[in-house]
Amino acid sequence: MDKIVENTETDLNEILRIRREKLEALKQEGRNPFDITRFDREYTAKEILDNFDSLQNKEVSLAGRIMAKRIMGKASFCHIQDGLDRIQLYVRIDELGEDTYSEFRKYDIGDIVGVTGFPFITRMGEKSIRVKSIVLLTKSLQVLPEKFHGLKDMDLRYRQRYVDLIVNPDVKSVFITRANIMKAIREFMHSLGYLEVETPVLHNQATNANARPFATYHNTLNIDMYLRIELELHLKRLIVGGLDKIFEIGKVFRNEGMDTRHNPEFTLMELYEAYADMYTMMERAEQIFCYIADNVSGTRKIDYQGQIINVEAPWRRLTMIEAVKEYSGVDFDSFTLDDAAARAAAKKHNVRIEKHWNWGMILNAFFEEYAEKNLIQPTFIYQYPIEISPLAKRNKEKPHLTERFEFFVLGNEMGNAFSELNDPVDQRERLIAQAKSKFGEYDFTIDDDFINALEVGMPPTGGMGLGLERMIMLFTNSTSIRDVMFFPTMKPESNG
RNA sequence: GGGACAUUAGCUCAGGCGGUAGAGCACUUGACUUUUAAUCAAGGUGUCCGGAGUUCGAGUCUCCGAUGUCUCACCA
């Protein structure tokens, strides 16, 4: 331990060494900035800039991080930045006195200061503060990235998000928008009378969904546990319990590959409404997107990478069979449930399939191969095949299809909804069928307590899951899921 | 998992055919009382991602590895 500290201290380059020496000198004089516990600031930079006329020439106090510094002999300018904005300081030796002014000259970019002074406008027309007093609140011992180019290295930006946030203003605005979206969603759900609930993250079984879970271990109970991959089964238990309109927003964890649209942990929102169905959920999806558009973006026509995405309701609705017919020319209605004909069509149209796949699975493969990428504007795809939809009610007229939809924006899945299956006998059979067709390296178990809940009785219910990062990507014009998460999953850096 | 590309000073980046490592910002010293990528003068700054190899000599060429970006595959 001591050795590590010693090494880092002796390896310091000149810049870092000088900053530590400056801090040491302050400590010697009994003026250690880290001893200061508070600074009473009356205004943020943004408040001063927004209310400049009424504050001009009145004394104000504010605080922030020094971002730029221009020393010109007996007067200097610098910019300080706080949570939302930055403002220029004008510092004169005849206002601070020689001692304080020479201290100020030693401040570094990155240091945090508290200031009192008077708002005024410079000769060049910039709203500024003429400083009356200034105090060093925090000494920065590291060097911030260059003022003009900022921090560009994506690796460093993700690993040191705190630096990214300081020097790249757009980053902060993405996360402010993210927070506003989360707030808007909750507002909207509350306005409809939904109750926000929380269910366990640690699960006993890796149930439901096709994703592989992260496994962990409980020492005292002496059992394996799994980080959740969905919220669904607990939320439906609450519907059984009589909480008729509920939603949860929480992290789920999927032990799979990573790319610009997948992070191992991500934020899932699920909502359930008793006495409602899939069509209610279509309405909810449209309402949620329009509410966010109105309250966060200010328009229902969202500019995403030069494309205009119109979230205005109603969205286009296509059955999966219609979508496949439109984008591949193959009509699955003309050979309903004929596995051999489906396989022949797959071969003819170069759709990769597994040997054991049947008509429904091949229909889904056609959809993913031909249709999905074309669904740029918000589009509902409904009537999913039953084999891949173990939690959705059957369609009454076509029992091989289900009352399930997903909706797509920019060619990406954004949400998944059902008229929830509440028949406990059918549910058990369908979960067993799914378990049998599964041949992974982990055991797929049936959640018997969930079946028991359905036996107690769940009302007809509509439910939906939304991947919130993908939605946030749309509203923040972001091309990678990592850009809308503060700390995306990263491999540890190699230590050589 | 496959492919392409990247990794050089704290940051952003140059480094032609293999010959002792470069710029700007930042930093230090000095000048400058309305500057704003301040300016002017002088100065210091390195595990060239790691390891091995070829060579008299490797930031540069070869191989192995690490991390990242993009992309394809897999995966709701």
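Residues numbered from 1 in each chain as written. Chains lettered and ligands numbered in written order. Predicted model: local features only at pLDDT ≥ 70, side-chain atom pairs only at ≥ 80, totals over all residues. Heavy atoms only, no water.

1. Remarks on the protein's contact with RNA strand B
Inclusion rule: We call a residue near a molecule or strand whenever a single non-hydrogen atom of that residue lies within 4 Å of it. Definition of a polar contact: a pair of N or O atoms within 3.5 Å, with one able to donate and the other able to accept a hydrogen when the atoms are protein atoms, and with sequence-neighbouring residues admitted only if both atoms are side-chain atoms. In DSSP terms, a helix is any run of H or I states spanning at least four residues, a strand is any run of E spanning at least two, and both are numbered starting from the N terminus.
Around RNA strand B, the surrounding shell holds 59 residues, and the nearest of these are Lys147, Asn210, Arg254, Arg404 and Glu406. The sugar and phosphate moieties of RNA strand B supply 57% of its atoms located within 4 Å of the protein. Glutamate 256 has a polar side-chain atom sitting 2.5 Å from a sugar or linking oxygen of RNA strand B. Between RNA strand B and lysine 491 there is a distance of 3.1 Å, counted from a phosphate oxygen to a backbone nitrogen or oxygen. For the surface near RNA strand B, the secondary structure elements donating two or more residues are helix H2 (14-28), strand S1 (60-72), strand S2 (75-81), strand S3 (86-92), helix H5 (93-96), helix H7 (154-159), strand S16 (404-409) and strand S17 (412-419). For the surface near RNA strand B, the element with the most residues is H7, which contributes five residues.

2. Regarding the pattern of salt bridges
Oppositely charged side chains can form a pair if their charged atoms are brought close together. Keep this limit in mind: Between Lys or Arg on one side and Asp or Glu on the other, a salt bridge is scored when a side-chain nitrogen of the former is within 4 Å of a carboxyl oxygen of the latter. Think of it in three bands: with a 1.4 Å probe and only protein chains considered, a residue is buried below 20% of the maximum accessible area for its type, exposed above 50%, and partly exposed in between.
Overall, the coordinates contain 36 salt bridges when judged by the stated rule. In this structure, aspartate 50 engages lysine 46 in a salt bridge whose closest nitrogen and oxygen atoms are separated by 3.0 Å. One end of the pair is aspartate 50 and the other is lysine 46, both in helix H3 (residues 45-50) and four residues apart, which spans about a single turn. Residue classification places aspartate 50 among the exposed positions, given a relative accessible area of 53%. Close ionic contact of arginine 394 with aspartate 426 constitutes a salt bridge, the shortest N to O distance being 3.3 Å. Of the two residues, arginine 394 is situated in the loop between strand S15 (379-382) and S16 and aspartate 426 in helix H15 (residues 424-437); the sequence distance between them amounts to 32 residues. One network of salt bridges, in which partners are shared, links Arg19, Lys22, Asp108, Asp111 and Lys139.

3. Overview of the packing of helix H10 (residues 232-240) against helix H16 (residues 448-457)
In helix packing, the relevant descriptors are the interaxial angle and the interaxial distance, both defined with respect to the helix axes. Our working rule: With axes taken as lines fitted to C-alpha atoms, and helix axes fitted only over the stretch in contact, angles between N-to-C directions fall between 0 and 180 degrees. In these notes the angle categories are as follows: under 35 degrees is roughly parallel, over 145 is roughly antiparallel, 65 to 115 is roughly perpendicular, and the rest is oblique. Two helices that cross are described as forming a left-handed crossing if the nearer one is turned anticlockwise from the farther one by less than a right angle, and a right-handed crossing if clockwise. Residue contacts are counted whenever heavy atoms from the two residues lie within 4.5 Å of one another. Only Asp, Glu, Lys and Arg are considered charged, only Ala, Val, Leu, Ile, Met, Phe, Trp, Tyr, Cys and Pro nonpolar, and every remaining residue, Gly among them, polar.
H16 packs onto H10 with a crossing angle of 25° between their chain directions and a minimal axis gap of 9 Å. By the angle between their axes, H10 is roughly parallel relative to H16. Every pair of crossing elements has a handedness; the one defined by H10 and H16 is left-handed. Residues Leu233, Lys236, Arg237 and Val240 of H10 pack against Asp449, Phe450, Ala453, Val456 and Gly457 of H16. Grouping the constituent residues of the contact of H10 with H16 by class yields five nonpolar, one polar and three charged.

4. Focus: the sheet that holds S3
Test applied: Two strands qualify as a pair provided that DSSP identifies no fewer than 2 bridges between them.
In spatial order, the strands read S1-S2-S3-S5-S4; together these five strands close into a barrel with mixed pairing. Strand-to-strand twist of the sheet, defined as the mean angle between neighbouring strand axes without regard to direction, takes the value 50°. Bridge count for S2 against S3 is seven bridges, and the pairing is antiparallel. Bridge pairing links isoleucine 80 to isoleucine 87 in S3.

5. So, the pairing of S15
Two faces make up the sheet, and in a regular strand the side chains alternate between them. The side-chain alternation of S15 yields two buried faces, one formed by Thr379 and Ile381 and the other by Phe380 and Tyr382. Bridge count for strand S14 (residues 316-319) against S15 is four bridges, and the pairing is parallel. Each residue of the ladder has a partner; that of arginine 317, found in S15, is phenylalanine 380. Where S15 and S16 come together, four bridges link them in antiparallel fashion. When the sheet's bridge partners are listed, phenylalanine 380 is paired in S16 with phenylalanine 407.

6. What about the domain arrangement of chain A?
Selection criterion: Domain delimitation follows an automatic or database domain assignment.
We note that the domain assignment places domain 1 (12-144) and domain 2 (167-315 + 377-484) within chain A. Relative placement of domain 1 and domain 2: their C-alpha centres are 48 Å apart.

7. Topic: the packing of aromatic side chains
Applicable threshold: Classification of ring pairs rests on two measures: the distance between centres of Phe, Tyr or Trp rings, Trp counted by its six-membered ring, which must be within 6.5 Å, and the angle between planes, read as stacked under 30 degrees, edge-to-face over 60 and tilted in between.
Taken as a whole and assessed by the stated rule, the structure comprises 19 aromatic pairs. Both rings, one in phenylalanine 175 and one in phenylalanine 486, keep their centres 3.9 Å apart while their planes meet at 15°; by these two values the pair is stacked. Linking phenylalanine 175 in helix H9 (residues 169-191) with phenylalanine 486 in the segment after helix H17 (468-476), this pair joins segments that are 311 residues apart in sequence. Overall, the relative accessible area of 7% leaves phenylalanine 175 in the buried class. For phenylalanine 486, a relative accessible area of 39% translates into the label partly exposed.

8. What to know about the environment of leucine 202
Tracing the backbone through its elements, the reader meets leucine 202 in strand S7 (residues 202-203). Given a relative accessible area of 43%, leucine 202 falls into the partly exposed group. For the pair formed by leucine 202 and isoleucine 229, sequence separation is 27 residues and the distance between their alpha carbons is 9.9 Å. Sequence-distant contacts of leucine 202, that is, excluding residues within four places in its chain, are made with Thr216, Met225, Tyr226 and Leu227.

9. Some thoughts on the packing of helix H11 (residues 278-297) against H17
One can describe the packing of H11 onto H17 by two numbers: an axis separation of 11 Å at closest approach and a directional angle of 40°. By the criterion of interaxial angle, the relationship of H11 to H17 is oblique. As for how H11 packs across H17, the hand of that crossing is right-handed. Counted together, Ile288, Phe289, Ile292, Ala293 and Ser297 of H11 and Met471, Leu474 and Phe475 of H17 form the full contact between these two elements. Its residues placed into classes, the contact of H11 with H17 shows seven nonpolar, one polar and no charged.

10. Quick word on the environment of leucine 238
If you trace the backbone, leucine 238 turns up in helix H10. Once you skip the residues sitting within four places of it in the chain, leucine 238 turns out to touch Val197, Thr199, Leu243 and Ile246.

11. As for the environment of isoleucine 185
Residue position: isoleucine 185 is located in helix H9. What makes isoleucine 185 buried here is its relative accessible area of 1%. It is 10.0 Å that separates the C-alpha atoms of isoleucine 185 and asparagine 295, two residues lying 110 residues apart in sequence. Apart from the residues lying within four places of it in its own chain, the contact partners of isoleucine 185 are Ile249, Met269, Ile288, Ile292, Leu468 and Met471.

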